[in-house]
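Each chain, written out:
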Amino acid sequence: MSPRVGVVTFPGSLDDRDAARAVRLAGGDPVALWHGDDDLKSVDAVVLPGGFSYGDYLRCGAIARFAPVMHSLVDAAKGGLPVLGICNGFQILCESHLLPGALTRNDSLHFVCRDQRLRIEDTSSTWTSDYAAGQEIVIPLKNGEGGYVADEATLDMLEGEGRVIARYLEVNPNGSRRDIAGIRNERGNVVGLMPHPEHAVEELTGPSIDGLPFFTSVLTSLVNA
Amino acid sequence: MARVVVDVMLKPEILDPQGRAVQGALGRLGLSGVTDVRQGKQFVIDIDGDLEGDRYELMHTLAEELLSNPVIEDYTMRVVEEAS
């Protein structure tokens, strides 16, 4: 049986369908999860998709953090459940304190939408193990508040522990400190990423299929577990 | 009846691109000498009854955990009106 990967839909989520499709193309069984339901339906992993949960009111991810599904998810993530937060999902993971730091308005003040080159910096996480260390990929990026910030001590800690999983190449699109595009927690089961691998899983619809390994990585780790 | 005012500002070390854009506009509109602009949020919260003891503490907690993000923001909270 294929591993079951939950995709949470919040009011204002946009990329939940693409995330579910990416899971399916990678060989997994996508399971729809609902923000208002604290039942994780016994899934083996969870994707928090991109979009504008609760209209980005207050701060991006600030209200989603208190949704019933997040109560269950925070505990499960602390227990080792693999969780990938993409874009708004990354913002929710930071607001939930599952990942350190925060995402702030792009330094350009413009919403940025482009195919972005990244370097995969860490392949020890549950979501990046199918990449080669140092591999360069191109996947879509689209955000208005994607500037990753944290204090210097936290940035040094993330770098020192190899917890920066991906970095922007060529252009830093949003003013992220140290060109950080994605990070992981200490254990490696929780990953937050500002660009969108779920939009780069098929030649027909994406700039590449470079995003697919995020989804095959977690399936590989679940099957081998 | 109590009125609570919570002001939330980005920490001084966090870049505020919106404030910077406003600073530029002020200069373009003829106001010289503007050295810095920071943009924040203000919440005005009216509450029935007195805001004392545990409720006051909870308001502080929520100002820190919901209304602001302590990673990037500071908040100040004050009770401005306590007429019943």
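Residues numbered from 1 in each chain as written. Chains lettered and ligands numbered in written order. Predicted model: local features only at pLDDT ≥ 70, side-chain atom pairs only at ≥ 80, totals over all residues. Heavy atoms only, no water.

Draft legend 1. Main features of the nonpolar core. Leu48, Tyr148, Phe214 and Phe215 of chain A are the most contacted members of the largest nonpolar core, which totals 66 residues. Ranked by size, the runner-up nonpolar core spans 11 residues in total, among them Phe43, Ile47, Leu51 and Leu67 of chain B. (Core = buried A, V, L, I, M, F, W, Y, C linked by side-chain atoms within 4.5 Å. Buried < 20%, exposed > 50% of the residue type's maximum accessible area, 1.4 Å probe, protein only.)

Draft legend 2. Spatial organisation of helix α2 (residues 53–67) of chain B. Residue and element names in this part refer to chain B. In this model, α2 (15 residues) spans 20 Å end to end at C-alpha, consistent with the 21 Å of a helix rising 1.5 Å per residue. Regarding α2, the residues found buried are Met59, Ala63 and Leu67. Residues of α2 that are buried in the fold lie against β1 (2–10), β2 (41–47) and β3 (73–81). (Helix = DSSP H or I, 4+ residues; strand = E, 2+ residues; numbered from the N terminus. Expected span 1.5 Å × (residues − 1). Contact = heavy atoms within 4.5 Å.)

Draft legend 3. Spotlight on the packing of helix α1 (residues 16–26) of chain A against helix α5 (residues 212–224) of chain A. All names here are of chain A. Where α1 contacts α5, the axes come no closer than 9 Å and their chain directions differ by 60 degrees. Note on packing geometry: the crossing formed by α1 with α5 is right-handed. Of the residues in α5, those touching α1 at Ala19, Ala22, Val23, Leu25 and Ala26 are Leu212, Phe215, Thr216 and Leu219. Counted by class, the contact of α1 with α5 contains eight nonpolar, one polar and no charged residues. (Axes fitted to C-alpha atoms, helices over the stretch in contact; angles between N-to-C directions. Left-handed = near helix turned anticlockwise from the far one by under 90°. Nonpolar A, V, L, I, M, F, W, Y, C, P; charged D, E, K, R; others polar.)

Draft legend 4. Structural detail: the pairing of strand β1 (residues 4–9) of chain A. Residue and element names in this part refer to chain A. Most of β1 sits inside the fold, with five of its six residues counted as buried. Taken together, the six bridges between β1 and strand β2 (residues 29–34) define a ladder with parallel strand orientation. Across the sheet, residue Thr9 finds its bridge partner in β2, namely Trp34. Crossover connection from β1 via α1 to parallel β2: handedness right-handed. The sheet contact formed by β1 and strand β3 (residues 45–48) spans three bridges and is parallel. Looking across to β3, one finds that Gly6 is bridged to Val46. (Pairing = 2+ DSSP bridges. Right-handed = clockwise from strand over helix to strand, strands pointing away.)

Draft legend 5. Spotlight on the packing of aromatic side chains. Residue and element names in this part refer to chain A. Tallied over the full model, the rule gives two aromatic pairs over all chains. Both rings, one in Phe90 and one in Tyr148, keep their centres 6.0 Å apart while their planes meet at 10 degrees; by these two values the pair is stacked. Taken together, the residues span a long stretch of sequence, with Phe90 in helix α3 (residues 88–95) and Tyr148 in strand β8 (residues 147–149) at a distance of 58 residues. Classification of Tyr148 by relative accessible area gives buried; the value is 0%. Ring geometry for Tyr131 and Phe214: centres 5.2 Å apart, planes at 65 degrees, overall edge-to-face. Note that Tyr131 is positioned in the loop between β6 (112–120) and β7 (136–143) and Phe214 in helix α5, a separation of 83 residues in sequence. (Phe/Tyr/Trp six-rings, centres within 6.5 Å; stacked < 30°, edge-to-face > 60°.)

Draft legend 6. Layout of the state of the cysteines. Residue and element names in this part refer to chain A. The final tally for this structure, using the stated rule, is zero disulfides over all chains. The thiol of Cys94 is unpaired, and the distance to the nearest cysteine sulfur, on Cys60, comes to 11 Å. Given the relative accessible area of 2%, Cys94 is considered buried. Looking at Cys113, it has no disulfide partner, and the nearest cysteine sulfur is the one in Cys87, 10 Å off. (Disulfide = S-S within 2.5 Å.)

Draft legend 7. Spatial organisation of the interface of chain B and chain A. Between chain B and chain A, the residue contacts involve 16 residues of the former and 14 residues of the latter. When chain B packs against chain A, close to 1300 Å² is buried across both sides, 65% of that on carbon and sulfur atoms. Ranking the residues of chain B by area buried against chain A places Pro17, Leu66 and Asn69 of chain B at the top, with a combined share of 33%. Here chain B is connected to chain A by one salt bridge. The residue Arg59 of chain A makes a salt bridge to Glu73 of chain B at a minimum N-O spacing of 3.8 Å. For the pair chain B and chain A, the number of links is seven residue pairs in polar contact (both at pLDDT 80 or more). The set of elements that each furnish at least two residues to the side of chain B that touches chain A consists of α1 (17–28), β2 and α2 of chain B. Here the element with the most residues in the side of chain B that touches chain A is α1 of chain B; it accounts for four residues. Counted by class, the side of chain B that touches chain A contains nine nonpolar, three polar and four charged residues. (Buried area = accessible area lost by both parts, 1.4 Å probe. Salt bridge = Lys/Arg side-chain N within 4 Å of Asp/Glu carboxyl O. Polar contact = N/O pair within 3.5 Å; in protein donor to acceptor, adjacent residues only side chain to side chain.)

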